[in-house]
Amino acid sequence: TVAQVLTTGGTRSAYTPEGHHQFTLAEFLRPFQRTTTLCHMQYLPPFDVHDSHHLTPDALEAYGQAYARLLIGLKHQLPEASKLASLTYLNDWSPH
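One structure accompanies this document, and this report is about it.

Scoring rules and cut-offs
- Residues numbered from 1 in each chain as written.
- Predicted model: local features only at pLDDT ≥ 70, side-chain atom pairs only at ≥ 80, totals over all residues.
- Heavy atoms only, no water.
- Helix = DSSP H or I, 4+ residues; strand = E, 2+ residues; numbered from the N terminus.
- Buried < 20%, exposed > 50% of the residue type's maximum accessible area, 1.4 Å probe, protein only.
- Lys, Arg positive; Asp, Glu negative; His and termini not counted.
- Salt bridge = Lys/Arg side-chain N within 4 Å of Asp/Glu carboxyl O.
- Polar contact = N/O pair within 3.5 Å; in protein donor to acceptor, adjacent residues only side chain to side chain.
- Contact = heavy atoms within 4.5 Å.
- Expected span 1.5 Å × (residues − 1).
- Arc of directions from axis to C-beta.

1. So, the side chain of D48
Part 1 of the reasoning: By the element assignment, D48 lies in strand β2 (residues 47–49).
Part 2 of the reasoning: Despite being buried, D48 has no salt bridge partner; R12 is the closest side chain of opposite charge, sitting 7.7 Å away.
Part 3 of the reasoning: A polar side-chain atom of D48 sits 3.0 Å from a polar atom in the side chain of T8.
Part 4 of the reasoning: Here H50 takes part through its side chain, which lies 2.8 Å from a polar atom of the side chain of D48.
Part 5 of the reasoning: Filtering out sequence-adjacent residues up to four positions away, D48 remains in contact with L6, T7, T8, L25, Y63, Y89 and N91.

2. Overview of helix α3 (residues 57–76)
Part 1 of the reasoning: In a regular helix each residue adds 1.5 Å, so 20 residues correspond to 28 Å; α3 covers 29 Å between its end C-alpha atoms and thus fits that length.
Part 2 of the reasoning: Buried within α3 are the following residues: L70, G73 and L74. Projection of α3 onto a plane perpendicular to its axis shows the buried side chains occupying an angular sector of 95 degrees, all on one side. Turned more than 90 degrees away from the buried face of α3, the exposed residues are P57, D58, I72, K75 and H76.

3. Thoughts on unusual backbone geometry
Part 1 of the reasoning: Positioned with a positive phi, Q22 is a non-glycine residue whose angle comes to about 65 degrees.
Part 2 of the reasoning: The exposure class of Q22 is exposed, given its relative accessible area of 52%.
Part 3 of the reasoning: Even without a glycine there, the phi angle at H40 is positive, about 60 degrees.
Part 4 of the reasoning: Turning to its location among the elements, H40 is positioned in the loop between α2 (30–38) and β2.

Here it is in structure tokens:
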């Protein structure tokens, strides 16, 4: 299983077909996805910290806590691959 953790200077809306970059973050990461599947591994959507150069210390701390919750949640309750693969960002998965 492969998951990427990224920081981007752009906002989440910048990574849409209508946004500043005109492509989704997933489209930028397609070569990584293909390499992963070629090696018979599961590719997960990225965990992304958007607009990183504008984050306050509190917001950065919140991302850190969200990432920690994600790792703990995945350790204890790995959902079906199709559920994770359907997400745009791992940030959007919430263990119950």
